[in-house]
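The chain contents come next:
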Amino acid sequence: MTSRMDEKLARIRAGQYRRSDFIIADAKDGDMGPSLVSTGPLRQKDGSWSRYRNRSEFLDQIRAIVRQDIVDIMLMSASNLETLAGEGLFKGSKVKPAIRANDTSDIWVVRGGTYNKSPSRPFRSASLARVMQGGSSGDLRTGTDLGLYSITFNNDLEADLRSLEAFAEFRADASRHGFKYFLEVFNPNAGRDISPDIMPHYVNDCIVRCLAGVVSVDRPLFLKVAYNGPKALEELAGYDAGLVIGVLGGGAGTTRDCFELLSQAEKYGARVALFGRKINLAEDPLAMVACMRQVAEGTLSPQEAVKAYHGALAKGGMKPTRSLEDDLTVTEGPLKAAA
């Protein structure tokens, strides 16, 4: 079955984009970064919680969102894909499964650790051959041919050179296995001599430069980048119509932050949103995803979507983390000027 992602990308590349073609991905790959705490708190209806979800409960969240059939991509660790695809979750589904294909040191945000304070170092846990073949089962129907590859530039010659060499090795490996990928480019995690005002353009330049020598068959399906404001996004989206831009979600923020980011990203040229914490840490992830789709398609404004989300919480007897007034506030810096 052709995935909804493939159908939408085909229309976007053909210049036939309409707002219903905006691609939403749920990034449930946090176990490869923040690890255990990335599953999110196991909330009670009164808003209280005493522990994080265990793996079984986290997998239940993924199952529920895939069966809701609103997101276009479900991004996971290879081990969670093996479990869920092996049980047939994606059989007959239009949701495309994807894995995090590398886990660079800047995402090792573990309790007590400081790995993410040093310039990013390349590393890969997942085996493309194993992922393509459905893990230990060897069943071609339970694997995936899509993954996220991440790279972070820091204006550090040795660190960035290591990252680029590892990216070249990954592309060769992906080519051997017929594996497709989308490229995540984080803002510098330990940048050298980069002023805040030039940083968004530094990232744009690094993206264009690192892909300029890559022929089309080896290029990413789309990008996943931080939203650094309208000017930087418009610059990157307007450079090459063949380069589909997606934005990452960053922190949880307020509910308004989630919907505002989605709305501004679409307005200034992004065609994909890949949100992790903004979905996973919501009081009701399914209601959050449903409202996200309406914002992406333009049927609700960000403000209207916040009110609709709170209405859904009330209907489900769930106490919101913030009051409606507080949840209508834009708190994330790059969003404020254009909100």
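Above this note sits the structure.
None of the values given here were measured: they were computed from a predicted structure. The numbering scheme is per chain: residues are counted from 1 as the chain's sequence reads. For this predicted model, a pLDDT threshold of at least 70 governs which residues receive local features, and a threshold of 80 or more governs which side-chain atom pairs are given and counted, while totals over whole chains, interfaces and linings are taken from all residues. Excluded from the side-chain calculation are hydrogens and water; included are all heavy atoms of the structure.

Moving on, we get to the packing of aromatic side chains. Any two of the Phe, Tyr and Trp rings considered here, Trp counted by its six-membered ring, make a pair once their centres fall within 6.5 Å; the pair's planes then place it as stacked at under 30 degrees, edge-to-face at over 60, or tilted in between. Tallied over the entire structure, the rule returns 8 aromatic pairs. Relative to Tyr181, the ring of Phe167 has its centre 6.0 Å away and its plane inclined at 80 degrees; by these criteria the two rings are edge-to-face. A residue pair is termed long-range when its members are at least 10 positions apart, and Phe167 in helix 5 (residues 157–177) and Tyr181 in strand 5 (residues 180–186) qualify at 14 residues. For the exposure calls, accessible area comes from a 1.4 Å probe over protein chains only, and a residue counts as buried if that area is under 20% of its type's maximum, exposed if over 50%, partly exposed in between. By relative accessible area, Phe167 is classed as buried at 1%. For Tyr181, a relative accessible area of 3% puts it in the buried group. Through a chain of ring-to-ring contacts, three or more aromatic side chains come together here, namely Tyr149, Phe167, Phe170 and Tyr181. Our definition puts a charge over a ring when NZ of Lys or CZ of Arg is within 6 Å of the ring centre and also within 35 degrees of the ring normal. A cation sits over an aromatic face here: Arg171 above Phe167, 4.5 Å from the ring centre. Helix and strand definitions here come from DSSP, where helices need a minimum of 4 consecutive H or I residues and strands a minimum of 2 consecutive E residues; each element is numbered from the N-terminal end.

Here the focus is the packing of helix 8 (residues 255–267) against helix 11 (residues 302–315). Two elements in contact, helix 8 and helix 11, have axes separated by 9 Å at closest approach and are oriented at 140 degrees. When the axis of helix 8 is compared with that of helix 11, the two are oblique. Here helix 8 and helix 11 pass one another in a crossing that is right-handed. Of helix 11, the residues touching helix 8 (which contributes Thr255, Arg256, Phe259, Glu260 and Ser263) are Pro302, Gln303, Ala305, Val306 and Tyr309. Looking at side-chain class alone, the contact of helix 8 with helix 11 contains 5 nonpolar, 3 polar and 2 charged residues. Here an angle of 0 to 180 degrees is reported between the N-to-C directions of two axes, which are lines fitted to C-alpha atoms, with helices fitted over the stretch in contact. Roughly parallel means an angle under 35 degrees; roughly antiparallel means over 145; roughly perpendicular covers 65 to 115; every other angle is labelled oblique. Each crossing is labelled by how the near helix is turned from the far one, with a counterclockwise turn of less than a right angle marking it left-handed and a clockwise turn marking it right-handed. Contacts were defined at the residue level, with two residues in contact if any of their heavy atoms lie within 4.5 Å. Charged residues are taken to be Asp, Glu, Lys and Arg, nonpolar residues to be Ala, Val, Leu, Ile, Met, Phe, Trp, Tyr, Cys and Pro, and polar residues to be all remaining types, Gly included.

So, on to empty space enclosed by the protein. Lining residues are those with an atom within 4 Å of a point, where the points come from a 1 Å grid over the protein atoms alone and group into cavities, where a 1.4 Å probe fits but cannot get out, or pockets, open sets with protein on both sides within 12 Å along at least five of seven lines. Grid points are joined across faces, edges and corners, and a volume is the space filled by probe spheres set on the points. Evaluated as defined, the whole model comprises 2 cavities of 30 Å³ or more. Its boundaries defined by the atoms lining it, the largest cavity holds a volume of some 80 Å³. Taken together, Pro200, Val203, Asn204, Val225, Ala226, Tyr227, Asn228, Gly229, Ala232, Leu233, Leu236 and Val247 make up the lining of the largest cavity. Taken together, the residues of the lining of the largest cavity sort by class into 9 nonpolar, 3 polar and no charged. Its volume calculated, the second largest cavity comes out at about 40 Å³. Along the walls of the second largest cavity sit Asn102, Thr104, Ser120, Arg121, Pro122, Tyr149, Ser150, Ile151, Thr152 and Ser163, which together make up its complete lining.

Once that is clear, we can look at the side chain of His201. Along the chain, the position of His201 falls in helix 6 (residues 199–212). The class of His201 is buried, set by a relative accessible area of 17%.

Along the polypeptide, Asp160 turns up in helix 5. Under this rule, positive means Lys or Arg and negative means Asp or Glu; His and the chain ends count for nothing. Here, a salt bridge means any Lys or Arg side-chain nitrogen found within 4 Å of an Asp or Glu carboxyl oxygen. Look at Asp160: it is buried, it has no salt bridge, and the nearest opposite charge is Arg162 at 7.9 Å. Setting aside anything within four residues of it in sequence, one finds Asp160 in contact with Thr152, Phe153, Asn154, Asn155 and Tyr202.

Right, let's talk about the sheet that holds strand 1 (residues 23–28) for a bit. Two strands pair under a simple rule: DSSP has to find at least two bridges between them. Taken together, 8 strands build a closed barrel; the order of strands is 1-2-3-4-5-6-7-8 and the barrel is parallel. Adjacent strand axes in the sheet meet at a mean angle of 25 degrees, parallel and antiparallel pairs treated alike. Pairing analysis gives 4 bridges linking strand 1 to strand 8 (residues 272–275), with the strands arranged parallel. The partner of Ile23 across the bridge, within strand 8, is Val272. Docked against the sheet, helix 2 (residues 55–68) engages strand 1 and strand 2 (73–76), running at close to 170 degrees with respect to strand 1.

With 5 of 7 residues buried, strand 5 lies mostly within the body of the structure. Across 7 bridges, the pairing between strand 4 (residues 146–152) and strand 5 is parallel. Bridge assignment links Thr152 to a residue of strand 5, and that residue is Phe186. Classification remark: right-handed applies to a crossover when, strands pointing away from the viewer, the course from the first strand over the helix to the second runs clockwise. Each parallel crossover has a hand, and for strand 4 linked through helix 5 to strand 5 it is right-handed. Examined bridge by bridge, strand 5 and strand 6 (residues 223–225) share 3 bridges and lie parallel to one another. By the bridge assignment, Val185 is partnered in strand 6 with Val225. Each parallel crossover has a hand, and for strand 5 linked through helix 6 to strand 6 it is right-handed.

Attention shifts here to helix 10 (residues 285–297). The terminal C-alpha atoms of helix 10 lie 19 Å apart, and with 13 residues this matches the ideal 18 Å at 1.5 Å per residue to within 8%. A positive backbone phi angle near 85 degrees is found at Gly298, which sits one or two residues after helix 10. What a helix should span is 1.5 Å times the count of its residues minus one.

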